[in-house]
Amino acid sequence: MPDEVAVTHRASSKIDLIIIGSGLAGTAAACFAVTQGLKVAQISASLGELPFASGLLDLLAIYPRQEQKLWDNPWDGIAALIDRSPSHPYAKLGVDTIREAMQGFLAFLEASGLEHHGLPDGNVHLATAVGTLKTTYRVPQSMWHGVGALQQQLPTLLVDFYGMKDFHGRLMLEGLRHRWPTLNTKTLPFPMTFPGVDRQNLLFAEALESPEVRAELADSIRPNLDGAQMVGMPAVLGVHSTAEVIADLEGRLGVGIFEIPTLPPSVPGLRLQETCENSLRSQGVQILQDRRVIGFQTDGLQCTGIITGTDSWRETTEADGIILASGRFLGGGLAAERNGIIETIFGLPVVQPSARNLWHRDRFLDHRGHPVNQAGLAVDNDFRPLGPDGKVAFQNLFAAGSILAHQDWIRTKSGAGLAIATAYGAVEAFLSTAPRN
Ligand SMILES: Cc1cc2nc3c(=O)[nH]c(=O)nc-3n(C[C@H](O)[C@H](O)[C@H](O)COP(=O)(O)OP(=O)(O)OC[C@H]3O[C@@H](n4cnc5c(N)ncnc54)[C@H](O)[C@@H]3O)c2cc1C
């Protein structure tokens, strides 16, 4: 270490559990840990995939991938998956534990002000911005009317805005025409313009926090209703007070309003991230953002702490246990190098195809998925990553979320479920296995 590096030791208050990552897996782990009364530090370099995610909480929609079997009841699908894919992370948990995890996290979201809806034991279908159907488990309140409108084929007006990138009612309508014949669409001027700016979605959403902007928007929608009972709009209906924005527009127009998920950046993803962060902070979780973990310290088979910092400063943080929820390539937990895929913090072995030319299949949309998407960390039944010798790398290091091997959350539509359920499993395993000082 160069002489001029400033080193700080974070030991002023004892931490039980360090969570690396503030994507959905790290967030869920922090939620479960703080609920158990643990003192938690959540450390992350970025917000992970959450700002890109649709806000929909998938559990399992498709399994097996190659058969494209669609499950209306995700629990039946998970039971089949556990039976046929014993190395999948869900198989380490079982249906009842996954249920507990989902119920716990949904209750946390509701208590934090972000209610989700769905069927007691079923998946629901909703229309996407490109006119396809998406099967998911839980839907943010702001999108829930869209599920009923599609199911009952209610007369519905899709509204998009001149100059808005990436959301076009016409495209959506064309894709859905045969399923939803009572759908109509209208492009309207938005009450404000944001010329030449990226991240437009957030600007639209911020503008709609203003009652004056909403009044003007409602005035331009009203003459176009033409008997519509519902109005669907891109998911930009407010950032912090979406329920209020929707209730206000519904009151002004006398119809139901729902949001339609957009392409990234996703305002519902940002809402989810912001709501969880505020709630975790209020419950005492130490949230340290823009901190890259660059090393760790050990004592035999215990990982006693992590080192964050840059070339000019370093800080060590110690705890009884660590949950690694550092994601895949986008999040930074995995990196593709010339000789293969590496795990970026602990140098843990990554399960992966034997050669780089086997990472992808020839056809991008091959139903079997690409082998590289199943690469990741192998873990024991307590979610502890395995070292090069096939034994647990550290007694008190656990992994959760998309970094885990033997799963393909994109193809099976199980992103949120995998993150939440494995986070629950990792926290429970920490509580039952790690020696506590
Ligand atoms: C475009 C898109 C759409 C999606 N849509 C859906 C959807 O419709 N439904 C659904 O259920 N799921 C969806 N998901 C998936 C969902 O967002 C999951 O949460 C995600 O796949 C798994 O998150 P994760 O927490 O495992 O990893 P990530 O979200 O990638 O988080 C990784 C975290 O680890 C941190 N990290 C990594 N390395 C370090 C380091 N060295 N030091 C400090 N911090 C570090 C990162 O900064 C980040 O905070 C979508 C994802 C994307 C990208």
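Presented here is a report on the structure given in the accompanying data block.

Rules used in this analysis
In this convention, every chain numbers its residues from 1, walking through the sequence in written order. Since the coordinates come from a predicted model, pLDDT governs what is reported: local features require at least 70, and pairs of side-chain atoms require 80 or more to be given and counted, while whole-chain, interface and lining totals use all residues. Side-chain measures were taken over the full set of non-hydrogen atoms in the model, leaving aside hydrogen atoms and water. The helix and strand labels rest on DSSP assignments: H or I over at least four residues marks a helix, E over at least two residues marks a strand, and numbering proceeds from the N terminus. Restricting the calculation to C-alpha atoms gives the radius of gyration, and the globule rule supplies 2.2 Å times the number of residues raised to the power 0.38. The classification of residues rests on relative accessible area computed with a 1.4 Å probe and restricted to protein chains. Under 20% of the type maximum is buried, over 50% is exposed, and intermediate values are partly exposed. We call two residues in contact when some of their heavy atoms are within 4.5 Å. The method behind every accessible area is Shrake-Rupley, applied with a 1.4 Å probe, and residues are considered shielded solely by the protein chains displayed. Throughout this description, the term salt bridge denotes a Lys or Arg side-chain nitrogen within 4 Å of a carboxyl oxygen of Asp or Glu. Put simply, buried Ala, Val, Leu, Ile, Met, Phe, Trp, Tyr and Cys residues joined by side-chain atoms within 4.5 Å make one nonpolar core. Only Phe, Tyr and Trp rings take part, Trp by its six-membered ring, and two of them pair if their centres are within 6.5 Å. Stacked means planes under 30 degrees apart, edge-to-face means over 60, and tilted covers everything else. We call a residue near a molecule or strand whenever a single non-hydrogen atom of that residue lies within 4 Å of it. Polar contacts, as used here, are pairs of N or O atoms within 3.5 Å; protein pairs need one atom able to donate a hydrogen and one able to accept it. Residues neighboring in sequence count only if both atoms are side-chain atoms. Here the term charged refers only to Asp, Glu, Lys and Arg, the term nonpolar to Ala, Val, Leu, Ile, Met, Phe, Trp, Tyr, Cys and Pro, and the term polar to all other amino acids, Gly among them. DSSP calls a pair of strands paired once it identifies at least 2 bridges connecting them. The convention used is that axes are lines fitted to C-alpha atoms, helices contributing only their stretch in contact, and that angles between N-to-C directions extend from 0 to 180 degrees.

Below, the discussion takes up the overall build of the protein. Within the protein, the regular secondary structure consists of eleven helices and 17 strands. The C-alpha radius of gyration computed for the protein amounts to 23 Å, which stays within 12% of the reference 22 Å derived for 437 residues, consistent with globular compactness. Seen along its three principal axes, the alpha-carbon backbone of the protein occupies a region of about 70 × 50 × 40 Å. The buried share of the protein, taken over its 437 residues, is 54%. Within the protein, contacts between residues separated by at least 24 positions form 67% of all contacts whose residues are at least 6 apart in sequence. Surface exposure of the protein reaches about 18,700 Å², of which carbon and sulfur atoms provide 51%.

Bringing the pattern of salt bridges into the picture now. Within the structure shown, the criterion is met by 16 salt bridges. For Asp 408, the salt bridge is made with Arg 65, and the minimal N-O distance between the two is 3.2 Å. Taken together, the residues Asp 408 in the loop between β17 (397-399) and α10 (409-412) and Arg 65 in the loop between β2 (40-43) and α2 (74-84) connect sequence positions 343 residues apart. Taken individually, Asp 408 and Arg 65 each receive the classification buried, so the pair is uniform in this respect. Note that Arg 384 is salt-bridged to Asp 382, the shortest N-O span being 3.7 Å. Look at Arg 384 and you get buried, because its relative accessible area is 11%. Judged by relative accessible area, which is 25%, Asp 382 ranks as partly exposed. Three or more residues are tied together by salt bridges with common partners; here these are Arg 170, Glu 174 and Arg 177.

Another point: the nonpolar core. Counting 82 residues, the largest nonpolar core has Phe 32, Phe 105 and Phe 346 as the members making the most contacts within it. The greatest single-element share of this core, amounting to ten residues, is contributed by helix α11 (residues 415-433). Dropping the residues within four chain positions of it, Phe 346 is found in contact with Ile 20, Phe 296, Cys 303, Ile 306, Ile 322, Leu 324, Phe 394 and Leu 397. Among the nonpolar cores identified, the runner-up in size contains 46 residues, and Phe 167, Leu 173, Leu 208 and Val 231 belong to it.

Here the focus is the packing of aromatic side chains. Counted by the stated rule, this structure contains eleven aromatic pairs. Geometrically, the ring pair formed by Phe 32 and Phe 105 is tilted, given 6.4 Å between the ring centres and 55° between the ring planes. Residue Phe 32 is located in helix α1 (residues 24-35), and its partner Phe 105 is located in helix α3 (residues 95-111); the two are separated by 73 residues in the primary sequence. Classification of Phe 105 by relative accessible area gives buried; the value is 1%.

With that settled, consider the site of the ligand. In the vicinity of the ligand lie 34 residues, with Ser 46, Glu 49, Ser 54, Val 293 and Ala 416 positioned nearest. Within the backbone of Val 293, a nitrogen or oxygen atom sits 2.8 Å from a nitrogen atom of the ligand. Between the ligand and Ala 325, the relevant distance is 3.4 Å, taken from an oxygen atom to a main-chain nitrogen or oxygen of the residue. Look at the ligand: alone it shows 1,000 Å² of surface, and the protein chains cover 92% of it. A class-by-class count of the residues in the shell around the ligand yields 14 nonpolar, 15 polar and five charged.

Take the sheet that holds strand β7 (residues 156-161) next. If you trace the four strands from one edge of the open sheet to the other, you get β8-β7-β9-β10, paired in parallel fashion. The open sheet has two edge strands, β8 (183-188) and β10 (256-260), and neither has a second partner. This sheet shows a mean twist of 25° between the axes of neighbouring strands, independent of strand direction. Direction of pairing for strand β9 (residues 230-234) relative to β10: parallel, over a ladder of five bridges. The residue bridging Met 233 from the neighbouring strand is Glu 259, located in β10.

Let us look at unusual backbone geometry. The linkage connecting Tyr 63 with the following residue, Pro 64, adopts the cis geometry, with an omega of -10°. Structurally, Pro 64 is set in the loop between β2 and α2. A cis amide bond links Pro 264 to the next residue, Pro 265, at an omega of 0°. Counting through the fold element by element, Pro 265 comes out in the loop between β10 and α9 (267-282). One non-glycine residue, Asp 226, lies in the positive phi region at around 50°. By the secondary structure assignment, Asp 226 is in the loop between α7 (211-221) and β9. Even without being a glycine, Lys 413 presents a positive backbone phi close to 55°. You can see Lys 413 is positioned in the loop between α10 and α11. The partly exposed category is assigned to Lys 413, whose relative accessible area is 32%.

Nothing here speaks to function; it is all geometry.
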